[in-house]
Structures are given as structure tokens and as C-alpha cells.
Amino acid sequence: EAGVAQSPRYKIIEKRQSVAFWCNPISGHATLYWYQQILGQGPKLLIQFQNNGVVDDSQLPKDRFSAERLKGVDSTLKIQPAKLEDSAVYLCASSVRTGGANVLTFGAGSRLTVL
Amino acid sequence: AQTVTQSQPEMSVQEAETVTLSCTYDTSESDYYLFWYKQPPSRQMILVIRQEAYKQQNATENRFSVNFQKAAKSFSLKISDSQLGDAAMYFCAYRSAIWTDSWGKLQFGAGTQVVVTP
């Protein structure tokens, strides 16, 4: 099966500019996650979707970050305006919401550098 | 809230040797899942091994095995017969088994960089 697709792979912007990242999950995966991974740290959950509804955005900086998942498939994560501390890798993951171990499949990530 | 701690920023191992990575976690839950993920320079997070807390038997996947000590809240990963391809960042992760709206999310540790030398 095709994996989780993300784009762009790399993005360099200046502070106060805006940026958007796109994610296409594995077909049939109802749950989608966006994680932020700052250099030297483990990934931190920003937002979790179940189909096209948000089920957890408790760690999303809502004054500058927004995300949507149209039609329960693709998702877009936007940052506006960007700050220096937003420099990180943004990982998208998806899973089938069933019992058991419920393994997450990750994309290759989008690396953001804010100058 | 659960926390996951990896106290080893970097571990070095020679090819064909064995290395053990440490992970401890804090939770008040009795049922949960633990994972080890590998992240090579390509950034793709790859599942290495998983453990269900209700299972006493330690999980094994080929050269990878875990030592799960539930009472001590410890979950170490052993890589046997290390290969150059094992070089990567390894993350320990926790997932609750309690069914909530946000069920499924992972809580990660800070990671351990594994360096494999020829």
C-alpha cells in the first residue's frame, strides 16, 4: 500500500511569513495526526483528527497554527505568522482506529526553517 | 499526564555487538502499549517493536527484543548483532489503552542516537 505522503519536504521562510504543509494519509485511515519535532526532541502531538473532526488540539498554538482535514482525507497544516521557534520537522501520521496496538504510519516529514 | 524518559542521548556500538537502550515512563494507568520507533536520517519513523502492558512475555522481532518491567515502569530495547543500517535515532513511545476521543495518540521520549561503528 502507498505510504503517508507529505509535501513540501523542505521549506525556508522568514519570520512573520506564512507556510502550509500538506498530508495525504494511507487510504482508509480515519485518524490523522500532526506532530512537531524540534531538533533534539521527540515528536509532540499538535492535532489529531478523526475523519474530518478534531479530537485533540490541546497543544496547538491556535494564535498562529491552524489545520483542517477536508472530506476526511487530505490535511493541511498552516502557520501564520511564523516565529523562529517554529523551526522543526512536521510529521504527519495516520492509523486505522481499531482496538489493539493501532500502529501509526508516519510520513517522511516536512522540515521548516524560519530565518 | 504520561511522560516518557530516555536518559541516553547517544549510544555507540560496534558492528555485530549488542546495545541496550533505556526507557522509563510514568503513568497511573494499568493498561497501555509501548513502542520503539526508529528514525533514520531520512526522517521516516519506522516501527521497530511494540509491547502490550497486559502481556508478561517480552516482545521480540528478529534482532530486536525488549525487557519490559511493568512494576519498575521500564521498557528497554536490545539490538543484537548490530548492523550499519541500525544507525538512527530511536524513540520510545507510550499509548494509553483507555478509549477516549483522542485514543491512539503517542507520547514520545526525547530519543537516543545509535551510532554503529565498523
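Located above this text is the structure these notes cover.
Only a predicted model underlies this, so the values are computations on that prediction, with no experimental measurement involved.

Caption draft 1: Quick peek at the overall build of chain A. Of regular secondary structure, chain A possesses zero helices and eleven strands. When its helices and strands are written in sequence order, chain A yields β-β-β-β-β-β-β-β-β-β-β. Based on the C-alpha atoms only, the size of chain A along its principal axes is roughly 40 × 25 × 25 Å. Here chain A, with 115 residues, has 48% of them falling under the buried criterion. Put simply, 53% of the contacts in chain A that link residues at least 6 apart link residues at least 24 apart. About 5400 Å² of surface is accessible on chain A, with carbon and sulfur atoms providing 51% of the total. Between the centroid of the 13 positive side chains of chain A and the centroid of its 9 negative side chains there is a distance of 3 Å.

Caption draft 2: The arrangement of the overall build of chain B in detail. Looking only at helices and strands, chain B has zero helices and twelve strands in total. Starting at the N terminus, the α and β elements of chain B follow one another as β-β-β-β-β-β-β-β-β-β-β-β. Taken against the 2.2 N^0.38 rule, which gives 13 Å for 118 residues, the C-alpha radius of gyration of chain B at 14 Å falls within 12% of a compact globule. The 118 residues of chain B split such that 48% are buried. In chain B, the share of contacts with a sequence separation of at least 24, taken over all contacts with a separation of at least 6, comes to 56%. A total of about 5800 Å² of accessible surface is found on chain B, and carbon and sulfur atoms cover 46% of it. Of note, chain B has its 10 positive side-chain charges centred 5 Å away from the centre of its 11 negative side-chain charges.

Caption draft 3: Local environment of the interface of chain B and chain A. Between chain B and chain A, the contact holds 23 residues from the first and 29 residues from the second. For the pair chain B and chain A, the summed buried surface comes to about 2100 Å²; carbon and sulfur atoms form 50% of the total. There are one salt bridge connecting chain B and chain A. With a shortest N-O distance of 2.5 Å, Asp56(A) and Lys105(B) are connected by a salt bridge. Across the chain B-chain A interface, the total number found is eight residue pairs in polar contact (both at pLDDT 80 or more). With four residues, strand β5 (residues 32-39) of chain B is the single largest residue contributor to the side of chain B that touches chain A. A per-class count over the side of chain B that touches chain A returns eleven nonpolar, seven polar and five charged.

Caption draft 4: The sheet that holds strand β3 (residues 19-24) of chain A, seen in detail. Residues and elements named next belong to chain A. The four strands lie next to each other as β1-β3-β8-β7, forming an open sheet whose pairing is antiparallel. A single partner strand is all that each edge strand has here, and the edge strands are β1 (5-7) and β7 (65-68). Neighbour-to-neighbour, the strand axes of this sheet turn through a mean angle of 15°, independent of strand direction. Here β3 runs beside strand β8 (residues 75-79); their pairing, made up of five bridges, is antiparallel. The partner of Phe21 across the bridge, within β8, is Leu77.

Caption draft 5: Region of interest: the pairing of strand β10 (residues 88-96) of chain B. Residues and elements named next belong to chain B. Taken across its nine residues, β10 has nine buried, putting it largely inside the fold. Examined bridge by bridge, β5 and β10 share eight bridges and lie antiparallel to one another. Note on β10: the bridge partner recorded for Leu34 is Tyr94. Pairing of β10 with strand β12 (residues 112-117) involves three bridges; the strand directions are antiparallel. Bridge assignment links Met89 to a residue of β12, and that residue is Gln113. Alignment of β10 against strand β11 (residues 107-108), held across two bridges, turns out to be antiparallel. In the strand pairing of β11, Ala93 is matched with Phe108.

Reading guide: rules and limits
- Residues numbered from 1 in each chain as written.
- Chains lettered and ligands numbered in written order.
- Predicted model: local features only at pLDDT ≥ 70, side-chain atom pairs only at ≥ 80, totals over all residues.
- Heavy atoms only, no water.
- Helix = DSSP H or I, 4+ residues; strand = E, 2+ residues; numbered from the N terminus.
- Buried < 20%, exposed > 50% of the residue type's maximum accessible area, 1.4 Å probe, protein only.
- Contact = heavy atoms within 4.5 Å.
- Areas by Shrake-Rupley, 256 points an atom, 1.4 Å probe, with all protein chains shown as cover.
- Lys, Arg positive; Asp, Glu negative; His and termini not counted.
- Charge placed at Lys NZ, Arg CZ, Asp CG, Glu CD.
- Rg over C-alpha atoms; globule rule 2.2 N^0.38 Å.
- Buried area = accessible area lost by both parts, 1.4 Å probe.
- Salt bridge = Lys/Arg side-chain N within 4 Å of Asp/Glu carboxyl O.
- Polar contact = N/O pair within 3.5 Å; in protein donor to acceptor, adjacent residues only side chain to side chain.
- Nonpolar A, V, L, I, M, F, W, Y, C, P; charged D, E, K, R; others polar.
- Pairing = 2+ DSSP bridges.
- Axes fitted to C-alpha atoms, helices over the stretch in contact; angles between N-to-C directions.

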